[in-house]
Amino acid sequence: MDSIFYIVVAIGTLFAITDWRAGLIIAIVLDCFRDPVRKMTEGEPTLLTYCVCAVWGAAFVNLFLGGNAGIRQIRLRFPWIERAMTWYLLGLVPGAVLSLALYQNGILLAGLGFASYAAPLLGLALGVALAFDLRFLKRLLQVYVVVNCIAFVGSVAEYLQWDWPGLGGLEGFEWI
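Residues numbered from 1 in each chain as written. Predicted model: local features only at pLDDT ≥ 70, side-chain atom pairs only at ≥ 80, totals over all residues. Heavy atoms only, no water.

K.L.:
Any chance you could break down the environment of A129 for me, citing the residues and the numbers?
P.N.:
Of note, A129 is situated in helix α8 (residues 106–131). With 58 residues separating them in the primary sequence, A129 and I71 have C-alpha atoms 6.1 Å apart. Excluding residues that lie within four positions of it along the chain, A129 makes contacts with W20, L63, N68 and I71. (Helix = DSSP H or I, 4+ residues; strand = E, 2+ residues; numbered from the N terminus. Contact = heavy atoms within 4.5 Å.)

Laid out in structure tokens, this is it:
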């Protein structure tokens, strides 16, 4: 089952790199299914949790580099923002180099650090892009609400103690 999920993520990433709007919807849907798929896969691989980041990343690459009208207008009107973001991202390089040099799993630490420091910038860019496309924002929120309503069924199923491996915490994990 996990190999099918990886293939779906790869296809979603291809869609996202060409259309950031489709990428956002695909990422939201995949985020809903990644945890049950992980729980039903032998060994419960954490890679299944992180692989959806490829879709999110591809959507944001397309958003920044794909010529989004809203982002382009902001970049033309306020060129200092792009310079500030460039310097901000360059400021992350020394920490990433230290993580790579000093720690055995430095690549994971550097990746996590980049994601956590870059996420607010991506969120701002997404906000700007959505402000210029309110019809898509409405559709995105509709998809988000429907997908999360489906996902919240898991809470009820857990409460009712349904015996389904896609529910609950990690195998062998004792909740306190």
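Let's pick the thread back up.
K.L.:
If you had to explain the packing of helix α5 (residues 69–77) against α8 to someone new, which residues and values would you point to?
P.N.:
Put simply, α5 and α8 touch, their axes get as near as 7 Å, and they point 110 degrees apart. By the angle between their directions, the pair α5 and α8 is classed as roughly perpendicular. Where α5 approaches α8, its residues G70, I71 and I74 are matched on the opposing element by A125, V128 and A129. Grouping the constituent residues of the contact of α5 with α8 by class yields 5 nonpolar, 1 polar and no charged. (Axes fitted to C-alpha atoms, helices over the stretch in contact; angles between N-to-C directions. Parallel < 35°, antiparallel > 145°, perpendicular 65-115°, else oblique. Nonpolar A, V, L, I, M, F, W, Y, C, P; charged D, E, K, R; others polar.)

K.L.:
Help me get a handle on a nonpolar patch on the surface, residues and values and all.
P.N.:
Judged by side-chain polarity, V153, V156, Y159, L160 and W162 come together as a nonpolar surface patch covering roughly 590 Å² of accessible area. Looking at the secondary structure, you find V156 in helix α9 (residues 134–159). The exposure class assigned to V156 is partly exposed, which follows from its relative accessible area of 49%. (Patch = residues over 30% accessible without salt bridge, like charges linked within 9 Å, V, L, I, M, F, W, Y side chains within 5 Å. Areas by Shrake-Rupley, 256 points an atom, 1.4 Å probe, with all protein chains shown as cover. Salt bridge = Lys/Arg side-chain N within 4 Å of Asp/Glu carboxyl O. Buried < 20%, exposed > 50% of the residue type's maximum accessible area, 1.4 Å probe, protein only.)

K.L.:
Account for the pattern of salt bridges, with residues named and values stated.
P.N.:
Under the criterion given, the structure shown has 5 salt bridges. The salt bridge involving D31 is made with R34; its shortest N-O contact spans 2.8 Å. One end of the pair is D31 and the other is R34, both in helix α2 (residues 20–40) and 3 residues apart, which spans about a single turn. Judged by relative accessible area, which is 21%, R34 ranks as partly exposed. Here D35 and K39 are joined by a salt bridge, their closest N and O atoms 2.8 Å apart. With D35 and K39 both in helix α2 and 4 residues apart, this pair spans about one turn of that helix.

K.L.:
Tell me about the packing of aromatic side chains, and name the residues and values.
P.N.:
Counting across every chain of the model gives 3 aromatic pairs. Judged by centre distance (6.5 Å) and plane angle (20 degrees), the ring pair of W56 and F60 falls under stacked. Of this pair, W56 and F60 both sit in helix α4 (residues 53–65), 4 residues apart, which is roughly one turn of the helix. Note on F78 and W80: the rings are 6.5 Å apart at their centroids and 80 degrees apart in plane angle, and the pair reads as edge-to-face. A relative accessible area of 30% means that F78 is categorised as partly exposed. The exposure class assigned to W80 is exposed, which follows from its relative accessible area of 51%. (Phe/Tyr/Trp six-rings, centres within 6.5 Å; stacked < 30°, edge-to-face > 60°.)

K.L.:
Outline α2, listing residues and values.
P.N.:
The terminal C-alpha atoms of α2, which comprises 21 residues, lie 30 Å apart, in line with the 30 Å expected from a rise of 1.5 Å per residue. In α2, a bend of some 30 degrees at F33 exceeds every other bend along the element, and P36, a proline, comes one to four places later. Among all positions in α2, only W20, G23, L24, A27, I28, L30, C32, P36, V37, R38 and K39 are buried. The secondary structure elements touched by the buried residues of α2 are α1 (2–18), α3 (47–50), α4, α8 and α9. (Expected span 1.5 Å × (residues − 1). Bend = angle between axes of the 7 residues up to and from the residue.)

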